[in-house]
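Take a look at the letters that make up each chain.
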Amino acid sequence: MHFLMYIFLKITGKNFVMELITFTEYFLAHKQDFDAILFDIDGTLCYGGTPLPGAKELLELLEKEQFPYVLLTNDSCNSCKQKSAIMQNAGLPVPETKILSAGNALQYWADRNYHGELFFQCGDLGNYAELAGIKVTSDPSKIEQCKGVISVEGNYDWQESMEAVFNHFLAHPEHPYITANPDSYWPSLHHSGMGIGAGAQTRFICAVLKDAGKDIPPIYLGKPYAPIYQCALPFLQNSFPGRKFEDMGRLAMVGDSLASDIYGANRNGLFSCLVLSGITTAELAEKASAERKPRAIFKSV
Ligand SMILES: [Mg+2]
């Protein structure tokens, strides 16, 4: 066996050690322990437009075995159909019915609270507002009619919108401030560098509001926060009506980010699996705080 296969990693406080193998090898030996697999996309299944080693084969295996899986994305600007097309262009056969976005979590949140109401959007919610049964406007002159604010990705006039949002919450601190994608930054869709994310924009406005004496707690929908994970169970149940999805502990979350995928899985009771094919190195994983320690580490999917 190759020398690298003998690298052992100490990955939990219980001295649990595991060979650095692929997630597919682990899955083949332990699939009876899981009801479904939740995958992160970027850095886990593909990097930019290029599939990562083993991703295509694993997805084909899951489809062939009819083993439940879902791709969890914080991207709440592209619809699941667009996201599926991006995946298919990258050579990964993922139907839109296997993608759950932080934007979909808005549907579960709004259904209970704000059906038919108007919200101010910073960015572009794509088709997720319609799916959630709410109305949105990007026109700052209409913000007074809005029941709250939703911050997402997309190009918009930051100064005009942010000042409108700041003034809105000064007058209505009881209104919800929803942020679909909590990420601070990600590779920009518009240039070769990094873009500033919706999460960072929300935290900036909340910091200014705090200086003005208003403490507005944002409601985050995407990883690592609970709403997107809470949606995963009914989403799987709808996709696989003959099966039962009740136990979060029988869901494996596979991702490359300690702060998003692993922390989110740990705090919501899923079995957290880190792959070292994205933004996290073995050294970073070893230094992670207890709540960000993965239950298992793999070299890739
Ligand atoms: Mg990722």
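Check the entry above for the structure.
Residues numbered from 1 in each chain as written. Predicted model: local features only at pLDDT ≥ 70, side-chain atom pairs only at ≥ 80, totals over all residues.

A. Expanded view of the sheet that holds strand S10 (residues 149-151). Taken together, five strands build an open sheet; the order of strands is S9-S8-S10-S11-S14 and the sheet is parallel. The sheet terminates laterally at strand S9 (135-137) and strand S14 (219-220), the two strands that pair on one side only. On top of the sheet, helix H6 (residues 158-171) reaches strand S8 (118-122), S10 and strand S11 (177-179); it is set at about 135 degrees to S8, its chief contact. In the packing of helix H7 (residues 198-211) onto the sheet, the strands contacted are S8, S10 and S11, and the crossing angle to S11 comes to about 155 degrees. (Pairing = 2+ DSSP bridges. Helix = DSSP H or I, 4+ residues; strand = E, 2+ residues; numbered from the N terminus. Contact = placed C-beta atoms within 7 Å. Axes fitted to C-alpha atoms, helices over the stretch in contact; angles between N-to-C directions.)

B. How the structure looks around the nonpolar core. Within the largest apolar cluster, 77 residues are counted, with the highest numbers of intra-cluster contacts made by Leu38, Val70, Leu221, Ile228, Ala232 and Val254. With six residues, the single largest contributor to this core is helix H8 (residues 226-239). A domain split of this core shows at least three residues from each of domain 1 (16-24 + 33-43 + 246-301) and domain 2 (104-220). Setting aside anything within four residues of it in sequence, one finds Leu221 in contact with Ala102, Ala105, Leu106, Trp109, Ile178, Ala180, Pro227 and Ile228. (Core = buried A, V, L, I, M, F, W, Y, C linked by C-beta atoms within 7 Å. Buried ≥ 20, exposed ≤ 12 C-beta atoms within 10 Å, placed from the backbone. Domains from an automatic or database assignment.)

C. Local environment of the sheet that holds strand S7 (residues 99-101). Spatial ordering of the open sheet is given by S7-S6-S3-S15-S16-S17, a layout of six strands whose pairing is parallel. Of all the strands in the sheet, the pair left with one neighbour each is S7 and strand S17 (296-298). Neighbour-to-neighbour, the strand axes of this sheet turn through a mean angle of 25 degrees, independent of strand direction. Two strands pair when backbone bridges link them, and strand S3 (residues 36-39) and strand S6 (residues 69-73) are joined in this way by three bridges, in the parallel orientation. The residue bridging Leu38 from the neighbouring strand is Val70, located in S6. Against the sheet, helix H3 (residues 80-89) contacts S6 and S7, and its axis sits at roughly 125 degrees relative to S7.

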